[in-house]
Amino acid sequence: MAEQVNFQEFIDSIEAGEIILPISKTFHLEQIVEAHEFMESNQGAGKIVVLT
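One numbering rule holds for all chains: residues counted from 1, following each sequence as written. Local features in this predicted model are restricted to residues of pLDDT 70 or higher, and side-chain atom pairs are both shown and tallied only at a pLDDT of 80 or more, whereas totals for entire chains, interfaces and linings draw on every residue. To get the side-chain values, all heavy atoms of the structure are used, and hydrogens and water are removed first.

So, about the packing of aromatic side chains. A pair of aromatic rings is counted whenever rings of Phe, Tyr or Trp (Trp by its six-membered ring) have centres within 6.5 Å, and the orientation is called stacked for planes under 30 degrees apart, edge-to-face for over 60 and tilted otherwise. Under the definition given, this model contains two aromatic pairs. Taking the centre distance of 6.4 Å and the plane angle of 40 degrees together, the rings of Phe7 and Phe10 count as tilted. Of this pair, Phe7 and Phe10 are both found in helix α1 (residues 2-15), three residues apart, which corresponds to roughly one turn of the helix. According to the relative accessible area criterion, Phe7 is exposed, its value standing at 52%. The side chain of Lys25 reaches across the aromatic face of Phe38, ending 5.3 Å from its centre. Secondary structure elements follow DSSP: runs of H or I of four or more residues count as helices, runs of E of two or more count as strands, with numbering from the N terminus. The rule is simple: take the accessible area with a 1.4 Å probe, protein chains only, and divide by the maximum for that residue type; under 20% is buried, over 50% is exposed, in between is partly exposed. Charge-over-ring placement is defined geometrically: NZ (Lys) or CZ (Arg) within 6 Å of the ring centre, and within 35 degrees of the ring normal.

Shown next as structure tokens:
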């Protein structure tokens, strides 16, 4: 249960703008192969986002 509370606090901090997660690159779902290749290449210095 404590893990759920800590995770919720983390999510709340993100929503409040207290924590900013760097986004390395954004892909559309149709580009999932490219997104996976980008992830495997270790070029990203942040999160990889795939939009549906």
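Our next topic: the pairing of strand β2 (residues 47-51). Strand direction decides the pairing type here: strand β1 (residues 23-28) and β2, joined by five bridges, are parallel. Within β2, the residue paired with Thr26 across the bridge is Val49. Here the term right-handed applies to a crossover when the path leading from its first strand over the helix to its second strand runs clockwise, the strands being oriented away from the viewer. Of the crossover connections in this fold, the one passing from β1 over helix α2 (residues 32-40) to the parallel β2 is right-handed. Whether two strands pair comes down to DSSP finding at least two bridges between them.

Patch membership needs two things, relative accessible area over 30% and no salt bridge, and members are linked within 9 Å if like-charged or within 5 Å if nonpolar (Val, Leu, Ile, Met, Phe, Trp, Tyr). Only the protein chains shown count as cover for residues, and all accessible areas are computed by the Shrake-Rupley method using a 1.4 Å probe. Salt-bridge detection follows one rule: a side-chain nitrogen of Lys or Arg within 4 Å of a carboxyl oxygen of Asp or Glu. A cluster of nonpolar side chains, Leu29, Ile32, Val33 and Val50, forms an exposed patch at the surface whose accessible area comes to about 320 Å². With respect to the secondary-structure elements, Val33 resides in helix α2.

Inspection of the secondary structure assignment puts Ser13 in helix α1. Not counting residues up to four positions away in its chain, the partners in contact with Ser13 are Glu18 and Ile19. Here, two residues are considered to be in contact whenever any of their heavy atoms come within 4.5 Å of each other.

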